[in-house]
Amino acid sequence: MTEKKEARPSIKKVFKTIFRFYGTTKEYFYKYGIYRWFGGVASGGLQVFNAYLAGRMVGIAISGDMSALVRYAVILIGAVIVRTIVGLMNEYASSYYNIHSGKKLRVMAMEKINSLPIAYYENQHSGETISKLASDIEKLQVFYGNSIAGIWSWVPASFVFSLAILLNTNVQLTLICGTIIPVFAIIMNKISLPIGKASKERQEHAASFNSYLRDFAEGVHIYKSFSMSKSHGQKFEKACDDYAEASFRMARRRSLSIGLMIFGMVIPQVIALGVGSIFVIEGKITFPELFVFTNVLWPFVSTFRMVSGGWSDLIEESGRAEHLFTLFDAKPERTNGKDFTDIETNTVMEFRNVGFGYNDNVKVLESANFVVEKGKKTALVGVSGSGKTTIHKMLAGHYDNYSGCVNVMGHELSEWNLESLRNNIAAVNQDIYLFNESVMENIRYGKPTCSDEEVMEAAKKAYAHDFINELENGYDTKLGERGISLSGGQRQRIAVARALLKDSPIILLDEPTSALDTRSEYHVQKAIEKLEEGRTVFIIAHRLSTIENADKIIVLDGGNVLGTGSHSELIAENDKYISLYKRQVLESSGGIA
Ligand SMILES: Nc1ncnc2c1ncn2[C@@H]1O[C@H](COP(=O)(O)OP(=O)(O)OP(=O)(O)O)[C@@H](O)[C@H]1O
Ligand SMILES: [Mg+2]
């Protein structure tokens with residue numbers, strides 16, 4: 001049922017998409033649209049006029065009037081030249097709209113991507129977003145700028161002018177040839193409708209192999225180390241096969257519709273010649289008139305071909321445009337809220353009876369309660385999947401569908417302006433993303449306006465200066481995708497340098513040293529100590545040894561806080577903490593695999 005619906009998008013929906021597309025780029029469309037319409041009308045009119053002149057010249061040649069023949073030849077050459085110039089100008093106008101609309105859509109898409117909440121990306125593969133940005137916009141700008149423009153400018157003019165000449169030449173012959181055309185147009189329409197569905201499928205498969213490509217580029221070391229390149233390659237090949245199959249399905253439909261279209265265009269010519277010749281014998285039409293008629297019949301029939309072919313393209317492209325609009329329609333993060341500066345509270349962060357789940361079915365937090373005090377180091381512990389990272393993300397304002405109260409610096413999360421809230425928080429996570437830029441620029445992300453000297457100062461404090469200087473081009477060394485050329489510990493120190501530059505009063509650390517060997521951990525630990533100085537630190541750590549000195553430890557389990565206190569207090573009485581601790585002692589001594 002649904003499939004049938006997808007295969008036959010309503011005319012209303014297709015038109016809505018056209019208006020939305022042109023509306024989105026209206027500042028370029030008005031200028032272009034007005035010119036392109038006049039240009040198209042001129043082009044259509046001149047095409048019919050040329051066909052008419054050529055037909056007339058045959059008649060004049062038969063009559064032997066040399067001076068009239070020369071006159072018509074000059075007019076015809078002039079008309080051809082004008083048509084060429086108009087065609088060139090149409091092309092230029094289309095390029096003008098193409099380029100500007102593409103640029104605008106890309107910038108809009110990027111702005112939209114920036115405005116979306118993290119939850120949007122957590123539910124979508126980045127390959128899909130890239131596919132929308134890269135190939136879809138390119139194809140749409142060409143289609144709406146070039147291909148479809150003929151239908152609303154050139155086609156109506158060509159239709160009206162050619163029909164007028166045909167009727168003027170012979171009404172009866174026009175009616176005989178004309179009635180066959182709509183029949184073909186209806187058949188064509190039926191054949192081309194499923195192209196929309198095939199196009200949608202093709203896009204989905206394209207997005208899928210884009211996702212595989214992205215996965216491979218980002219996870220190349222994992223694929224290699226787990227010897228998964230082959231199986232990944234097979235999955236990618238399958239996605240390519242699916243894409244090729246959907247493309248073939250579309251191509252088959254297209255070839256069928258093109259074949260029929262050519263047949264449909266030739267049939268009226270055959271009828272015109274056959275019936276027209278009888279009319280010549282019967283004296284209903286002269287031979288030169290019949291020549292004009294068959295000449296002008298071609299642009300007339302072409303208008304139906306344009307509309308019919310254009311319609312199937314329109315269905316295909318409106319599917320693509322809708323795909324892009326789903327990104328534009330996604331709900332952005334809120335931008336309201338206050339920029340609080342009166343931060344004289346001792347409770348820096350507080351969870352009061354907080355419940356939260358990523359979806360309605362599974363609750364990650366039931367009713368969590370805890371307080372993080374100013375200038376103190378508070379640690380969060382719990383088994384894997386207990387919701388520690390979730391709490392950090394909630395504190396940075398990434399989710400608003402929680403119950404209870406989340407308070408930061410004395411203000412409920414919903415009262416905060418999110419940008420201002422995040423300016424007060426610097427986070428260092430396990431997974432450090434390094435941009436495809438120089439080391440200097442990568443650190444500068446912490447404070448985009450800072451000088452090179454400030455960057456170096458931060459790098460020194462983060463114990464990163466020495467290893468950076470040893471890189472091929474020092475601070476100017478370009479880091480590969482995901483900073484592939486740096487070690488885990490070095491990346492962590494870059495992240496600490498970024499956080500130092502940001503100079504926020506709150507530091508969120510998510511297992512910053514758990515993936516490192518002892519030597520790297522030593523360096524990162526020293527860097528983190530610098531970062532912690534004079535700030536409120538809320539740290540998640542798996543290795544309890546690293547947080548034994550914390551002022552307070554929060555034990556999270558089953559969506560609730562099972563206890564808070566110092567290490568010595570918890571180890572004396574908190575069963576969950578004791579079991580976590582014992583498990584870790586066993587792990588480090590090799591007791592648990
Ligand atoms: N984006 C998401 N969408 C849906 N579920 C999620 C999402 N992120 C995490 N979860 C789920 O929420 C639960 C808590 O995840 P979270 O990452 O907060 O755990 P954690 O305590 O940080 O674990 P770990 O110690 O392994 O890092 C897990 O069951 C996880 O599968
Ligand atoms: Mg985590």
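Residues numbered from 1 in each chain as written. Chains lettered and ligands numbered in written order. Predicted model: local features only at pLDDT ≥ 70, side-chain atom pairs only at ≥ 80, totals over all residues.

Engineer: Quick question: what am I supposed to make of the environment of K31 here?
Structural biologist: Its location among the elements puts K31 in helix 3 (residues 26–63). Residues K31 and Y96, 65 residues apart in the sequence, show an inter-C-alpha distance of 9.7 Å. (Helix = DSSP H or I, 4+ residues; strand = E, 2+ residues; numbered from the N terminus.)

Engineer: Before we go on, may I ask you to explain the domain arrangement of the chain in this structure?
Structural biologist: For interface size, the figure often reported is the accessible area lost on association. In terms of domain boundaries, the chain breaks down into domain 1 (9–329), domain 2 (347–424 + 504–588) and domain 3 (435–495). Taking the mean C-alpha position of each, domain 1 and domain 2 sit 58 Å from one another. (Domains from an automatic or database assignment.)

Engineer: Looking at this structure, how should I read the packing of helix 17 (residues 452–461) against helix 19 (residues 488–502)?
Structural biologist: In helix packing, the relevant descriptors are the interaxial angle and the interaxial distance, both defined with respect to the helix axes. The contact between helix 17 and helix 19 brings their axes to 8 Å, and the two run at 125°. As judged from the angle between their axes, helix 17 and helix 19 are oblique. As for how helix 17 packs across helix 19, the hand of that crossing is right-handed. When helix 17 is examined against helix 19, the residues E454, V455, A458, A459 and K461 are found in contact with a partner set consisting of A497, L500 and L501. (Axes fitted to C-alpha atoms, helices over the stretch in contact; angles between N-to-C directions. Parallel < 35°, antiparallel > 145°, perpendicular 65-115°, else oblique. Left-handed = near helix turned anticlockwise from the far one by under 90°. Contact = placed C-beta atoms within 7 Å.)

Engineer: It is not clear to me how the pairing of strand 1 (residues 347–356) should be interpreted in this structure. Could you clarify?
Structural biologist: Side chains on a regular strand alternate between the two faces of the sheet. Sheet analysis places strand 1 next to strand 2 (residues 365–373), joined by six bridges and oriented antiparallel. Considered in strand 2, the bridge of F351 is made with F370. Inspection of the sheet shows strand 1 paired to strand 4 (residues 403–408) by five bridges, in the antiparallel sense. Paired with F351 across the two strands is V406, which belongs to strand 4. (Pairing = 2+ DSSP bridges.)

Engineer: Any chance you could explain the site of ligand 1 here in plain terms?
Structural biologist: Neighbouring residues of ligand 1: E122, Y358, V364, G382, S384, G385, S386, G387, K388, T389 and T390. For the shell around ligand 1, the per-class residue count stands at two nonpolar, seven polar and two charged. (Near = placed C-beta within 6 Å. Nonpolar A, V, L, I, M, F, W, Y, C, P; charged D, E, K, R; others polar.)

Engineer: Help me out: how do you make sense of the sheet that holds strand 10 (residues 560–565) in this one?
Structural biologist: Sheet strands pair by backbone hydrogen bonding; their relative direction is either parallel or antiparallel. Ordered in space as 6-7-8-3-9-10, the six strands form an open sheet in which the pairing is mixed. In the strand order of this sheet, the two ends are held by strand 6 (425–428) and strand 10, each with one partner. This sheet shows a mean twist of 20° between the axes of neighbouring strands, independent of strand direction. In this structure, strand 3 (residues 377–381) lies alongside strand 9 (residues 552–557), joined through four bridges in parallel fashion. Looking at strand 9, one finds that V381 is bridged to V555. Packed on one face of the sheet, helix 14 (residues 388–395) meets strand 3, strand 6, strand 7 (506–510), strand 8 (536–540) and strand 9 and runs near 150° to strand 7. Strands in contact with helix 19 are strand 6 and strand 7; relative to strand 6, the strand with the most contacts, it is inclined by about 175°.

Engineer: Looking at this model, I keep getting lost on the nonpolar core. Mind explaining?
Structural biologist: As a rule of thumb, soluble globular proteins bury nonpolar side chains together. Formed by 67 residues in total, the largest nonpolar core has its most connected members in A379, A462, V496, A497 and I539. Broken down by element, this core gets its largest block of residues, seven residues, from helix 19. When residues are assigned to domains, this core turns out to be shared by domain 2 (347–424 + 504–588) and domain 3 (435–495), each giving three or more. Filtering out sequence-adjacent residues up to four positions away, A462 remains in contact with R493, V496, A497, L500, A527 and K530. (Core = buried A, V, L, I, M, F, W, Y, C linked by C-beta atoms within 7 Å. Buried ≥ 20, exposed ≤ 12 C-beta atoms within 10 Å, placed from the backbone.)

Engineer: For this particular structure, what's the right way to read the sheet that holds strand 1?
Structural biologist: Taken in spatial order, the four strands line up as 2-1-4-5 in an open sheet, and their pairing is antiparallel. On the outer flanks of this sheet lie strand 2 and strand 5 (411–412), each paired with one strand and no other.

Engineer: I tried to follow the packing of helix 3 against helix 8 (residues 154–169) on my own but got confused; where do I start?
Structural biologist: Interhelical geometry of helix 3 versus helix 8 gives an angle of 30° and a closest axis separation of 7 Å. Overall, the two elements helix 3 and helix 8 adopt an arrangement that is roughly parallel. Note that helix 3 runs across helix 8; the crossing there is right-handed. Between helix 3, through G40, V41, S43, G44, G45, Q47, V48 and Y52, and helix 8, the contact on the second element is made entirely by W154, V155, A157, S158, F161, S162 and I165. Tallied by class, residues from the contact of helix 3 with helix 8 come to eight nonpolar, seven polar and no charged.

Engineer: I'm lost on the pairing of strand 6 in this one. Help?
Structural biologist: What you see with strand 6 is no split at all: I425 and A427 on one side and A426 and V428 on the other are buried throughout. One ladder, built from four bridges, connects strand 6 with strand 7; its direction is parallel. Residue pairing in the sheet places A427 in a bridge with L508 of strand 7.

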